[in-house]
Amino acid sequence: MNEHDQFAADLAALRPLPPSRELAERIAAELAELAKPVDTVEPLSLSQRRSHDPLWLAALCAPVAICLIYFLLRGVGERQQINMPESNTEAPIAAAFDESLPSLWSYRRAADKSLDQLDALLDKHATHSPEPKPQRAGAYAFALSDSELESLFGEL
Amino acid sequence: MLDCTDDWSVWLDRHGPALVLLARQWTTCRADAEDIVQEAFVRFWRSRERVEDPAAYLFACVKHCALDSHRGRARQLRREQATARPEAEPLFAGSLEQDERRTAIESALRELPASQAEVLVMKVWGGLSFPQIAAALDTSANTAASRYRYALARLREQLAEESIP
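These figures come from a predicted structure and were not determined experimentally. Residue positions are given per chain, counted from 1 along the sequence in the order it is written. A letter from A marks each chain and a number from 1 marks each ligand, given out in the order of writing. Local features in this predicted model are restricted to residues whose pLDDT is 70 or higher, and side-chain atom pairs enter the listing and the counts only when it is 80 or higher, whereas totals over whole chains, interfaces and linings include all residues. In computing side-chain values, all of the structure's heavy atoms are included and hydrogens and water are not.

**Student:** Requested: an account of the interface of chain B and chain A, with residues and values cited.
**Tutor:** Residue contacts are counted whenever heavy atoms from the two residues lie within 4.5 Å of one another. Counting from both sides, the interface comprises 32 residues of chain B and, opposite them, 22 residues of chain A. Take the accessible area each of two parts loses on contact, using a 1.4 Å probe, and add the two losses: that sum is the buried area. Both faces combined, the contact of chain B with chain A buries some 2,600 Å², and carbon together with sulfur accounts for 71% of it. Per-residue buried area on chain B facing chain A is highest for Q38(B), W125(B) and R156(B); these three make up 21% of the total on that side. Salt bridge, as applied in this entry: a Lys or Arg side-chain nitrogen positioned within 4 Å of an Asp or Glu carboxyl oxygen. Here D35(B) and R26(A) are joined by a salt bridge, their closest N and O atoms 2.8 Å apart. What counts as a helix is a DSSP run of H or I of at least four residues, what counts as a strand is a run of E of at least two, and both are numbered from the N terminus. Put simply, the parts of the chain that give the side of chain B that touches chain A at least two residues each are α1 (8-23), α2 (30-47), β1 (92-93), α5 (99-111), α6 (114-125) and α8 (141-163) of chain B. It is α2(B) that provides the largest number of residues to the side of chain B that touches chain A, a total of nine residues. For the side of chain B that touches chain A, the per-class residue count stands at 22 nonpolar, two polar and eight charged. Gly is put with the polar residues, along with every residue not named as nonpolar or charged; the nonpolar set is Ala, Val, Leu, Ile, Met, Phe, Trp, Tyr, Cys and Pro, and the charged set is Asp, Glu, Lys and Arg.

In structure tokens:
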């Protein structure tokens, strides 16, 4: 046994102070507290486990959500169809062949028959068409009204 | 084998004194050291089945908890140490005849660097082997052995200086 070993044996002869009784009691209480939830919690039933399991929740909610979205989109589509204005394709076609109205069809048909008929048709449509109402477009070089200009020229 | 028992009180009886002594290296009073041992022991007990060497893990838990506590209380301790005297609570039990030598060893132990003191406590009073100490401190067995030898040599020197009139 060398010097170090002898000295270590001398040191080992000293006994460290043991932990207090309170420390053992506190550890016992804490370990009991940690063990309590495991012992006291009742096992979950299958339905409870299902309700707590996110996969179960997702599996249950997904079809419901899909159906809901489907019916919502379907309802919106129907409403859009209802609200959509009816496409009136009959009126323009009928109007195109109405000889009382000016149209390319009526002019061509009249021209095919004779020039007199075309003239007659043009005269007919001319009487029905409203008179043009030309509007005078004003162009002003000055920002003064006519009365103001007259008074101004009068002064000159 | 003792280390295989499932009775926590056996573990505490076996290692408790060395654990408190180890925690005292980072605390100024015994109550703080016992708080650290309590926290470390509960942590150890919950995870003991997942570790390779439970005894080494128990001492490692005490060191980690002590360091955590030491960091949190560093400022407070500096203020306290500036105003208060060092605590006179003994580290070891002993008779009155041994009182002088015990006091000298305690004083010399407090003067040791922490890295050497912890190895000394684990080896001499904790009964751990060098591989176990190495596992607890996350170092090599050779390093643990070297620190142990340095600690013994330094302790002897200090005791020899104190014994010279």
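**Student:** Tell me about unusual backbone geometry, residues and numbers included.
**Tutor:** Phi at D138(B) is positive, roughly 60°, even though this residue is not glycine. With respect to the element layout, D138(B) can be found in the loop between α7 (130-137) and α8.

**Student:** Break down the confidence of the model for chain A for me, with residues and values.
**Tutor:** Per-residue confidence from the predictor is reported as pLDDT, a score between 0 and 100. Averaged over all residues, the pLDDT of chain A equals 72, while 55% of them reach at least 70. Of all helices and strands in chain A, the one with the weakest mean pLDDT is helix α3 (residues 46-52) of chain A (54), whereas strand β1 (residues 15-16) of chain A scores best (90).

**Student:** Can you tell me about the nonpolar core, naming the residues and giving the values?
**Tutor:** The definition of a nonpolar core used throughout is a set of buried Ala, Val, Leu, Ile, Met, Phe, Trp, Tyr and Cys residues joined through side-chain atoms within 4.5 Å. Three labels apply to residues, based on accessible area from a 1.4 Å probe with only protein chains included: buried if under 20% of the type maximum, exposed if over 50%, partly exposed otherwise in between. By size, the foremost hydrophobic cluster in this structure holds 58 residues, and its most contacted members are L11(A), L120(B) and W125(B). In contact with L120(B), other than residues within four places in its own chain, are L11(A), L109(B), L112(B), W125(B), Y148(B), A151(B), L152(B) and L155(B).

**Student:** Pulling in residues and values, what's your account of α6(B)?
**Tutor:** Residue and element names in this part refer to chain B. For a helix, the expected span equals 1.5 Å multiplied by the residue count minus one. Under the 1.5 Å per step criterion, the end-to-end length of α6 is 16 Å for 12 residues, consistent within 8% with the ideal 16 Å. In terms of burial, α6 is largely enclosed, as nine of its 12 residues are buried. Among the residues of α6, those classed as buried are Q116, A117, E118, V119, L120, V121, M122, V124 and W125. Of the residues one or two after α6, G127 is the one with positive phi, at around 70°.

**Student:** So what's going on with the packing of helix α3 (residues 54-72) of chain B against α7(B)? Which residues, and what values?
**Tutor:** All names here are of chain B. Packing of α3 against α7 brings their axes to within 8 Å, and their N-to-C directions diverge by 40°. As judged from the angle between their axes, α3 and α7 are oblique. Seen along the crossing, α3 lies across α7 with a hand that is right-handed. Contacts from A55, A56, F59, A60 and K63 of α3 reach α7 at Q132, A135, A136 and L137. When grouped by side-chain class, the residues that make up the contact of α3 with α7 number seven nonpolar, one polar and one charged. Only C-alpha atoms enter the line fits that serve as axes; for helices the fit covers just the stretch in contact. Angles between N-to-C directions range over 0 to 180 degrees. When an angle is under 35 degrees it counts as roughly parallel; over 145 it counts as roughly antiparallel; between 65 and 115 it counts as roughly perpendicular; any other value is oblique. Crossing chirality is assigned from the near helix's rotation relative to the far helix, an anticlockwise turn below a right angle marking it left-handed and a clockwise turn marking it right-handed.

**Student:** Outline empty space enclosed by the protein, supporting the account with residue identities and numerical values.
**Tutor:** Lining residues are defined by having an atom within 4 Å of a point belonging to a cavity or pocket. Those points lie on a 1 Å grid over the protein atoms alone, cavities being sets where a 1.4 Å probe fits but cannot get out and pockets being open sets with protein on both sides within 12 Å along at least five of seven lines. Grid points are joined across faces, edges and corners, and a volume is the space filled by probe spheres set on the points. What the rule picks out here adds up to two cavities of 30 Å³ or more. Taken as a whole, the second largest cavity encloses approximately 30 Å³ of empty space. Taken together, P16(A), L17(A), P17(B), V20(B), L21(B), R24(B), R30(B), P90(B) and L91(B) form the lining of the second largest cavity. No other element matches the three residues that α1(B) contributes to the lining of the second largest cavity. Among the residues forming the lining of the second largest cavity, the class breakdown is seven nonpolar, no polar and two charged.

**Student:** Got a sec to walk through the environment of E111(B)? Specific residues and values, please.
**Tutor:** Note that E111(B) resides in helix α5. The spacing of E111(B) and L155(B) is 44 residues in sequence and 8.6 Å in space, taken between C-alpha atoms.

**Student:** Let's hear about the pattern of salt bridges: which residues, and what values?
**Tutor:** All names here are of chain B. Scanning the entire structure with this criterion turns up six salt bridges over all chains. A salt bridge links E39 to R43; the nearest nitrogen and oxygen atoms lie 3.4 Å apart. Here E39 and its partner R43 are both found in helix α2, four residues apart, which amounts to about one turn of the helix. Residue class for E39 comes out partly exposed when judged on its relative accessible area of 40%. You can call R43 partly exposed: its relative accessible area is 33%. One salt bridge in this structure joins E49 and R48, with 3.7 Å as the shortest N-O distance.

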